[in-house]
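Single-letter residue listing:
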Amino acid sequence: DAGITQSPRHKVTETGTPVTLRCHQTENHRYMYWYRQDPGHGLRLIHYSYGVKDTDKGEVSDGYSVSRSKTEDFLLTLESATSSQTSVYFCAIRGSDTQYFGPGTRLTVL
Amino acid sequence: TQLLEQSPQFLSIQEGENLTVYCNSSSVFSSLQWYRQEPGEGPVLLVTVVTGGEVKKLKRLTFQFGDARKDSSLHITAAQPGDTGLYLCAGGLGGATNKLIFGTGTLLAVQP
């Protein structure tokens, strides 16, 4: 158990509404990552953070923003959700030679 | 764009059979990791290989990193129903961020 929690675990929302997903870690790791997982695509990196207030884009960042005001929390925001953002979202932290993943959030945008 | 192709995408076998999953790329990676994921959970690391040609064994699982560090394989001997799950390979880009490029996954079902 790498001490990562994600909330909510499931969410259904409507197109055009804002959505914020939260990742919380108890390990005090510097690096945190947000991924989305879709059939046929594996996991794709959305954004990552390398410290408080330090973030950068991944390969599928359009339509997403992130914030990290505390070491332990990394927030992913969909400013205006679209159906193409229906997915399972995973947060991860960097260990010594790997990444440890949270349990995921299943988001459905209707 | 760096891609990792996994094959096969789906595999359904009987308990006791052997199987191999392949992970191929045209890109060189600093490391190659294999994860296993069960429904409703996040991926869990099985192994990390970092040296070209490296072979690691984990009980009935054997992992190999290609000599050129572009490909990898996972071999399972005498598969058991408990091996059922989604297997993901991931190439490490190294450096401070250590970003990972994930393969598309292999869904394995082992029938008793």
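You'll find the structure just up there.
Residues numbered from 1 in each chain as written. Chains lettered and ligands numbered in written order. Predicted model: local features only at pLDDT ≥ 70, side-chain atom pairs only at ≥ 80, totals over all residues. Heavy atoms only, no water.

Enquirer: How should the packing of aromatic side chains be read in this particular structure?
Expert: Geometry of an aromatic ring pair is reported as the spacing of the ring centres plus the angle between the planes. This model, assessed by the stated rule, comprises ten aromatic pairs over all chains. Ring centres 5.6 Å apart and planes at 85° place the aromatic pair Tyr-35 of chain A and Phe-102 of chain B in the edge-to-face group. Residue Tyr-35 of chain A is found in strand S4 (residues 32-38), and its partner Phe-102 of chain B is found in strand S10 (residues 100-102); the two belong to separate chains. Taken as a pair, Tyr-35 of chain A and Phe-102 of chain B share a single burial class, namely buried. Each member of the aromatic cluster is reached from another via a ring pair, and the members are Tyr-33, Tyr-35, Tyr-48, Tyr-50 and Phe-101 of chain A together with Tyr-35 and Phe-102 of chain B. Stacked on the ring of Tyr-31 of chain A, the Lys or Arg Arg-94 of chain A has its end atom at 5.6 Å from the ring centre. (Phe/Tyr/Trp six-rings, centres within 6.5 Å; stacked < 30°, edge-to-face > 60°. Helix = DSSP H or I, 4+ residues; strand = E, 2+ residues; numbered from the N terminus. Buried < 20%, exposed > 50% of the residue type's maximum accessible area, 1.4 Å probe, protein only. Lys NZ or Arg CZ within 6 Å of the ring centre and 35° of its normal.)

Enquirer: Help me understand the pattern of salt bridges in this model?
Expert: When their charged atoms lie close together, side chains carrying opposite charge are able to pair. All names here are of chain A. Tallying each qualifying case throughout the model produces seven salt bridges over all chains. Note that Asp-73 and Arg-22 form a salt bridge whose closest N and O atoms lie 3.1 Å from each other. You can see Asp-73 sitting in strand S8 (residues 73-78) and its partner Arg-22 sitting in strand S3 (residues 19-25), a full 51 residues away along the chain. Given the relative accessible area of 34%, Arg-22 is considered partly exposed. (Salt bridge = Lys/Arg side-chain N within 4 Å of Asp/Glu carboxyl O.)

Enquirer: Where do I start with the sheet that holds strand S7 (residues 61-65) of chain B in this structure?
Expert: Strand pairing in a sheet is mediated by backbone hydrogen bonds. Such pairs are either parallel or antiparallel. Residues and elements named next belong to chain B. Here five strands make up an open sheet; going across it, the order is S1-S3-S8-S7-S6 and the pairing antiparallel. Both edges of this open sheet fall to strand S1 (5-7) and strand S6 (55-58), since each of them pairs with a single strand only. Neighbour-to-neighbour, the strand axes of this sheet turn through a mean angle of 15°, independent of strand direction. Across four bridges, the pairing between S6 and S7 is antiparallel. Counted as the bridge partner of Lys-57 is Thr-62 from S7. (Pairing = 2+ DSSP bridges. Axes fitted to C-alpha atoms, helices over the stretch in contact; angles between N-to-C directions.)

Enquirer: So what exactly am I meant to see when it comes to the sheet that holds strand S1 (residues 4-7) of chain A here?
Expert: Residues and elements named next belong to chain A. A sheet is described by the order of its strands in space; here four strands give the open sequence S1-S3-S8-S7, paired in antiparallel fashion. At either margin of the open sheet sits one strand with a lone partner, and together these are S1 and strand S7 (64-70). Strand after strand, the sheet turns through a mean of 20° between neighbouring axes, direction not considered. Relative to S8, S7 runs antiparallel, the two sharing five bridges. Directly across from Val-66, in S8, lies its bridge partner Leu-76.

Enquirer: Looking at this structure, how should I read unusual backbone geometry?
Expert: Apart from glycine, the bulk of residues carry a negative phi angle, and the bulk of peptide bonds sit in the trans form. Pro-8 of chain A follows Ser-7 of chain A through a cis peptide bond whose omega is -10°. Examined against the element boundaries, Pro-8 of chain A turns out to sit in the loop between S1 and strand S2 (10-13). In this chain, Ser-7 of chain B is followed by Pro-8 of chain B through a cis amide linkage whose omega measures -5°. The phi angle at Lys-53 of chain A is positive, at roughly 70°, despite the residue not being glycine. Position of Lys-53 of chain A relative to the elements: it lies in the loop between strand S5 (42-51) and strand S6 (54-57). The exposure class assigned to Lys-53 of chain A is exposed, which follows from its relative accessible area of 66%. Even without being a glycine, Ala-78 of chain B presents a positive backbone phi close to 50°. Among the secondary structure elements, Ala-78 of chain B is positioned in the loop between strand S8 (71-76) and strand S9 (85-92).

Enquirer: Is there a simple way to explain the state of the cysteines in this structure?
Expert: Formally, a disulfide is one covalent bond, and it connects the sulfur atom of one cysteine to the sulfur atom of another. Residue and element names in this part refer to chain A. In this structure the tally under the stated criterion is two disulfides over all chains. The side chain of Cys-23 participates in a disulfide bridge whose partner is Cys-91; the two sulfur atoms lie 1.9 Å from each other. On the sign convention where negative means left-handed, the S-S torsion of about -70° between Cys-23 and Cys-91 marks this disulfide as left-handed. Placement of the pair is Cys-23 in strand S3 and Cys-91 in strand S9 (residues 87-94), with a sequence separation of 68 residues. Residue Cys-23 is classed as buried on the basis of its relative accessible area, which comes to 0%. (Disulfide = S-S within 2.5 Å.)

Enquirer: Honestly, the environment of Ile-76 of chain B in this entry has me stumped. Any pointers?
Expert: Residues and elements named next belong to chain B. Along the chain, the position of Ile-76 falls in strand S8. Judged by relative accessible area, Ile-76 falls into the buried class, the value being 0%. Ile-76 sits 62 residues away from Gln-14 along the chain, and the two C-alpha atoms are 12 Å apart. Once you skip the residues sitting within four places of it in the chain, Ile-76 turns out to touch Glu-17, Asn-18, Leu-19, Arg-60, Leu-61, Asp-83, Tyr-87 and Leu-108. (Contact = heavy atoms within 4.5 Å.)

Just geometry here; none of it tells us what the structure is for.
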